[in-house]
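# Coordinate inspection notes
Each chain, written out:
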Amino acid sequence: MAKGGEAEKSNRAGRAAQERARQVIEDQRRQRVRRQQLIAAAVGVGLVAVVVAVMVFVKLTSSDDAAPTAAPTGQAAADVVRTVTTVPAGVLDQVGKGKVNALPKAVTGLAALTADGKPAVVYIGAEYCPFCASQRWAVVVALSRFGTFTNLGLTHSASDDVFPNTATLTFHGSSYTSQVLAFQGVETAGNERKGNGYAPLDSLTQQQHQLITTVNAPPYVPKDAAGSIPFLDIGNRYVISGGSFSPELLKGRSAAEIAAELSRPDSAITRAVVGAANAITTAICKITNDQPAEVCTGSAAKAYAGSLG
């Protein structure tokens, strides 16, 4: 009996050891399954995070600022041009100085800039340029007080530059007539990429090239602004190198919306566009000997009379 009891105890101990071993193996298997589940869950979360991140990125990069808006054509374009070229005198007078970041700078020692026997204003820019885009609104408002544009078009700045797709007008293909003033508007390039740059548009004349290299340079403009566009030469008596206000003000606005703002003297857009136009008008009156009188004797044209030199 003693030997039988010992044998039974030994058998029980063996079975217990086997059970413990089986339990260890089972625990290890469960741990492996758990690790695999955790890994799978982590990967799933990671994939979701990646997908969400991609969706956020796409949303951000495909915002209204980055997506080009087709410029109006036909009657819609004609309506915009008519509005911009006929800003009411009451609005111009009420805005006065408005809110402008850069004024025409008086220059001396240069021969008068003329064309066709009249004092001349030369604008040099490019359609891809966002600062050109904002500046054209003011230039068109000002020049429309002295003459008439024909075939002004609508476009936007480049989609891959700062302040992308800023709605604007373009001088490419346009002409200008005036009894007292000559105007040359040059767009050296479009807003579509071609190679490492943008598709060329208008070529500079020899005189215009000389203005860029000699007048759009020190001492007439700061060294860090030399060669910048937009460049506006007002009879070789005043120059503006760069924009009069930031294109950020026009962010997200269509050409029609910007034009519509110009009837509201209290609008931030109007204060910038019309304020800059009034400064340009003041400078132009200096080179036309205050002609036409109905423009140059008005309060809008005199807003910057004491500020330009």
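Residue numbers here run from 1 along each chain, matching the order of that chain's written sequence. Side-chain atom pairs in this predicted model are given and counted only at pLDDT of 80 or more, local residue features only at pLDDT of at least 70, and totals for whole chains, interfaces and linings cover all residues. For side-chain calculations, the full set of non-hydrogen atoms in the structure is used, while hydrogens and water are omitted.

### Side note on the confidence of the model for the chain
Think of pLDDT as the predictor's per-residue confidence, scored from 0 to 100. When pLDDT is averaged along the chain, the result is 84, and 77% of the positions lie at 70 or above. Confidence over residues 20-66 falls short of pLDDT 50; this stretch has nine contacts with residues more than four positions distant or in other chains. The contact criterion used is simple: two residues touch if any of their non-hydrogen atoms lie within 4.5 Å.

### Remarks on the environment of Ala112
Turning to its location among the elements, Ala112 is positioned in the loop between strand S1 (105-106) and strand S2 (114-115). Any residue under 20% of the maximum accessible area for its type is buried, any over 50% is exposed, and the rest in between are partly exposed; the area is computed with a 1.4 Å probe on protein chains only. Judged by its relative accessible area of 63%, Ala112 is exposed. Ala112 sits 124 residues away from Asn236 along the chain, and the two C-alpha atoms are 5.6 Å apart. Apart from residues lying up to four places away in sequence, Ala112 is in contact with Gly235 and Asn236. Helix and strand definitions here come from DSSP, where helices need a minimum of 4 consecutive H or I residues and strands a minimum of 2 consecutive E residues; each element is numbered from the N-terminal end.

### Description of the state of the cysteines
By convention in this document, the label disulfide applies to cysteine sulfur atom pairs within 2.5 Å. Tallied over the full model, the rule gives two disulfides. Between the sulfur atoms of Cys129 and its disulfide mate Cys132 the distance is 2.5 Å. Taking the torsion about the sulfur-sulfur bond, which here is approximately 85 degrees, the covalent link between Cys129 and Cys132 counts as right-handed. Overall, the relative accessible area of 5% leaves Cys129 in the buried class. Judged by its relative accessible area of 0%, Cys132 falls in the buried class. Cys285 shares a disulfide with Cys296; S-S distance 2.0 Å. The sign of the S-S torsion, about -90 degrees, decides the handedness of the disulfide formed by Cys285 and Cys296: left-handed. Of this pair, Cys285 sits in helix H7 (residues 268-287) while Cys296 sits in helix H8 (residues 293-296), and the two are eleven residues apart along the sequence. Neither Cys285 nor Cys296 differs from the other in exposure class; each is buried. Among the cysteines of the chain that take part in disulfides, numbered as they appear in the sequence, the pairing is 1-2, 3-4.

### Digging into unusual backbone geometry
Going from Ile229 to Pro230, the amide bond is cis rather than trans, its omega being 0 degrees. You can see Pro230 is positioned in the loop between helix H5 (206-215) and strand S11 (231-234). The linkage connecting Gln291 with the following residue, Pro292, adopts the cis geometry, with an omega of -5 degrees. Structurally, Pro292 can be placed in the loop between H7 and H8. Positive phi is not limited to glycine here, since Asp116 has a value of about 55 degrees. For Asp116, the position within the fold is in the loop between S2 and strand S3 (118-125). Positive phi is not limited to glycine here, since Asn236 has a value of about 65 degrees. You can see Asn236 is positioned in the loop between S11 and strand S12 (238-241). According to the relative accessible area criterion, Asn236 is buried, its value standing at 10%.

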